[in-house]
Amino acid sequence: MSTAGKVIKCKAAIAWEIKKPLSLEQIEVAPPKAHEVRIKILATGICRSDDHVISGAFAMPMPILLGHEAAGVVESVGEGVTCVKPGDKVIPLFLPQCGKCKICRSTRGNLCSENDLCGKGLMPDGTSRFTCKGKALHNFLGTSTFTEYTVVHETSVVKIDAAAPLEKVCLIGCGFSTGYGAAVETAKVEPGSTCAVFGLGGVGLSTVMGCKAAGASRIIAVDINKSKFPLAKQLGATECVNPLDFQKPINEVLFDLTSGEGVDYSFEVIGRTETMTSALASCNNNIGTSVIVGVPPSASQMNVDPMLLFTGRTWKGSVFGGWKSKDSVPKLVSDFMGKKFILDPLITHTLPFDQINEGFELLQSGKSIRTVLTF
Ligand code: PAD
Ligand code: ZN
Ligand code: ZN
């Protein structure tokens, strides 16, 4: 029996308030309005950005339906949708590509003005498609994938190869693309260069892979959890450094390791202001580039010696790896299918959706890289 045009009752994991486990409940998912798409989610990864909302570091309106790294199948479409049809395999896009704003019209940049990084948590028309116990739920970055069904705007979804394994390519919806793109798209790492990657979670390890693919000759992986080092080496790190093993600041350690020159490219893939500054100070004082990938804690401020920038360093940020999402995600899926990169080592755990809170505990305790939840 077709569910098109009807409210769907299904299971979802709700964040009612910060610092509490997610609550598995039945929700109602309204049919898609014009230019919206309802998706049956089949696999979703757990990313640190979801956890930043739960911890309160990334301020979002509550209650909220988190999750943004997923893959699924279109269940139904609203009026006027032509980019996808029921049955298509798709990836929701936490960074939309409207095709109309200044950035979408430009060949440069990827931060479509329709993005919801500031956390409105509603569809573009200002309403929600989710309710639970009579209360409207906010969406997360226009996606919300910790649910059996979600509704997204047509600018926030893209069709992918029908043969793609959804329980793997869901990582292309965030972690892999973000980390890999920070190296190949945002920094445009050059062959033979020296890179340092701070933070070796799913995103940072993807940055390591991007540095390797770009031909970096040295990739120094930095983490305070040394259990991350074997996988970092397997994916391309040439050396691994634990800041806790040294008395001096990590930027000085990296200068020592590079004969006083600093690295050509550094990446902060943690989400802490201290490590953002350390990463900046670790790159060459004149031609070094440092990229912020970790989500900065809401309302945080940085106090930086301007001399670090005066001498010529470049400091930039990277959302979704600098990729224009709709254009790039299908290509990245094709590249995965063509074995141009691998995702399997990043997926350390696969759990049924019901065990979502265990997945978060694995991330919080540093035991997992990516947990993929299946439905
Ligand atoms: P993760 O928690 O799996 O990995 C973070 C890693 O950093 C862990 O291995 C930690 O041990 C390590 N770490 C923590 N503190 C330090 C420290 N002081 N020095 C060195 N290492 C440390 O997270 P993730 O890989 O899922 O995400 C990483 C960040 O990227 C996080 O802030 C997330 O919110 C952000 C992100 N940004 C985007 C984007 O578009 N820019 C997208 C997705 C995720
Ligand atoms: Zn993410
Ligand atoms: Zn746009």
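See the structure above.
All values derive from a computational prediction rather than experimental measurement.

**Here's the deal with the coordination of the zinc ion (ligand 2)**
Part 1: Looking at the metal site, the zinc ion (ligand 2) is ligated by C47 (SG), H68 (NE2) and C174 (SG), spaced 2.0 to 2.3 Å from it.
Part 2: One chain supplies every donor to the zinc ion (ligand 2), and in sequence these donors are spaced C-x20-H-x105-C. Placement of C47 in the loop between β3 (36-45) and α1 (48-55) and of C174 in the loop between α3 (166-169) and α4 (175-187) is noted, with a sequence separation of 127 residues between them. As far as the burial class goes, C47 and C174 line up, both buried.

**Comments concerning the coordination of the zinc ion (ligand 3)**
Part 1: The protein atoms that coordinate the zinc ion (ligand 3) are C98 (SG), C101 (SG), C104 (SG) and C112 (SG), at distances of 2.3 to 2.4 Å.
Part 2: Metal-centred angles of 103 to 118° between the four donor atoms at the zinc ion (ligand 3) mark the site as tetrahedral.
Part 3: Donor residues for the zinc ion (ligand 3), ordered by position in the chain, follow C-x2-C-x2-C-x7-C.
Part 4: Taking relative accessible area as the criterion, C104 reaches 14% and is therefore assigned buried.

**Focus on the site of ligand 1**
Part 1: Around ligand 1, the structure places 29 residues, and the nearest of them are R48, S49, H52, D223 and I270.
Part 2: G202 is positioned such that a nitrogen or oxygen atom in its backbone is 3.2 Å from an oxygen atom of ligand 1.
Part 3: Between ligand 1 and the protein, one listed contact pairs an oxygen atom with a side-chain N or O atom of R370 at 2.9 Å.
Part 4: In isolation ligand 1 has 880 Å² of accessible area, and contact with the protein removes 90% of it.
Part 5: Using a 2 Å cut-off from the grid points, one finds that ligand 1 occupies the largest pocket.
Part 6: Contributing elements (two or more residues each) for the shell around ligand 1: α1 and α5 (202-213).
Part 7: Top element by residues in the shell around ligand 1 is α1. It accounts for three residues.
Part 8: Of the residues assigned to the shell around ligand 1, the class counts are 13 nonpolar, eleven polar and five charged.

**Considering the pattern of salt bridges**
Part 1: Within this structure, the stated rule accounts for 16 salt bridges.
Part 2: When the shortest N-O distance is used, the salt bridge between E17 and K20 registers 3.3 Å.
Part 3: Of the residues examined, E17 reaches a relative accessible area of 44% and is grouped as partly exposed.
Part 4: Accessibility expressed as a relative area gives 41% for K20, which makes it partly exposed.
Part 5: Its salt-bridge partner being E274, residue R272 comes within 3.3 Å of it at the nearest N-O pair.
Part 6: Classification of R272 as partly exposed rests on a relative accessible area of 45%.
Part 7: Here E274 falls in the partly exposed class, since its relative accessible area comes to 48%.
Part 8: Three or more residues joined by partner-sharing salt bridges are found here, namely K33, E36, D125 and R129.

**Examining the side chain of S193**
Part 1: Tracing the sequence through the fold places S193 in the loop between α4 and β11 (194-198).
Part 2: By relative accessible area, S193 is classed as buried at 6%.
Part 3: When sequence neighbours within four positions are dropped, the list of residues in contact with S193 reads G215, A216, S217, R218, D264 and Y265.

**Quick look at helix α11 (residues 356-364)**
Part 1: Of the residues making up α11, those classed as buried are I356, G359, F360, L362 and L363. Projected down its long axis, α11 shows its buried positions confined to an angular sector of 155°, all on one face.
Part 2: Buried residues belonging to α11 abut β1 (8-14), β2 (23-29), α1, β17 (347-352) and β18 (370-374).
Part 3: Looking one or two residues past α11, G366 carries a phi angle of roughly 75°, positive in sign.

Cut-off values and rules
Throughout, a residue's number is its position along its own chain's written sequence, starting from 1. Here every chain gets a letter starting at A, and every ligand a number starting at 1, in the order they are written. A pLDDT threshold of at least 70 governs which residues receive local features in this predicted model, and a stricter bar of 80 or more applies before side-chain atom pairs are shown or counted, although totals over entire chains, interfaces and linings include all residues. In computing side-chain properties, one takes all heavy atoms of the structure into account and sets aside hydrogens as well as water. Here the coordinating atoms are restricted to nitrogen, oxygen and sulfur within 2.8 Å of the metal centre, or 3.2 Å for Na, K and Ca, and because water is not among them the sites may look incomplete. Numbering goes from the N terminus for both helices and strands, where a helix is a DSSP run of H or I of at least four residues and a strand is a run of E of at least two. Three exposure classes are used, based on accessible area relative to the maximum for each residue type with a 1.4 Å probe and protein chains only: buried under 20%, partly exposed in between, and exposed over 50%. Sites are called tetrahedral only when four donors show all angles between 85 and 135 degrees, square planar or octahedral only when four or six donors show opposite pairs over 155 degrees and all other angles between 65 and 115, and irregular in any remaining case. Consider each residue's heavy atoms; a residue with any of them within 4 Å of a molecule or strand counts as near. Under the rule applied, a polar contact is a pair of N or O atoms within 3.5 Å (in protein, one hydrogen donor and one hydrogen acceptor; residues adjacent in sequence only if both atoms are side-chain atoms). In this description, accessible areas are obtained by the Shrake-Rupley approach with a 1.4 Å probe, and a residue is regarded as covered only by the protein chains that are shown. Only protein atoms enter the 1 Å grid used here, on which a cavity is any set of points holding a 1.4 Å probe that cannot leave and a pocket is any open set flanked by protein within 12 Å on both sides along at least five of seven lines; residues with an atom within 4 Å of a point are listed as lining. A molecule is counted as occupying a cavity or pocket when more than half of its atoms fall within 2 Å of that pocket's grid points. Any residue that is not Ala, Val, Leu, Ile, Met, Phe, Trp, Tyr, Cys, Pro, Asp, Glu, Lys or Arg is counted as polar, Gly included; the first ten are nonpolar and the last four charged. In the sections that follow, a salt bridge refers to a side-chain nitrogen of Lys or Arg positioned within 4 Å of a carboxyl oxygen of Asp or Glu. By definition, residues are in contact when any of their heavy atoms lie within 4.5 Å. Within this analysis, the arc is defined by the directions that extend from the helix axis to the C-beta atoms.

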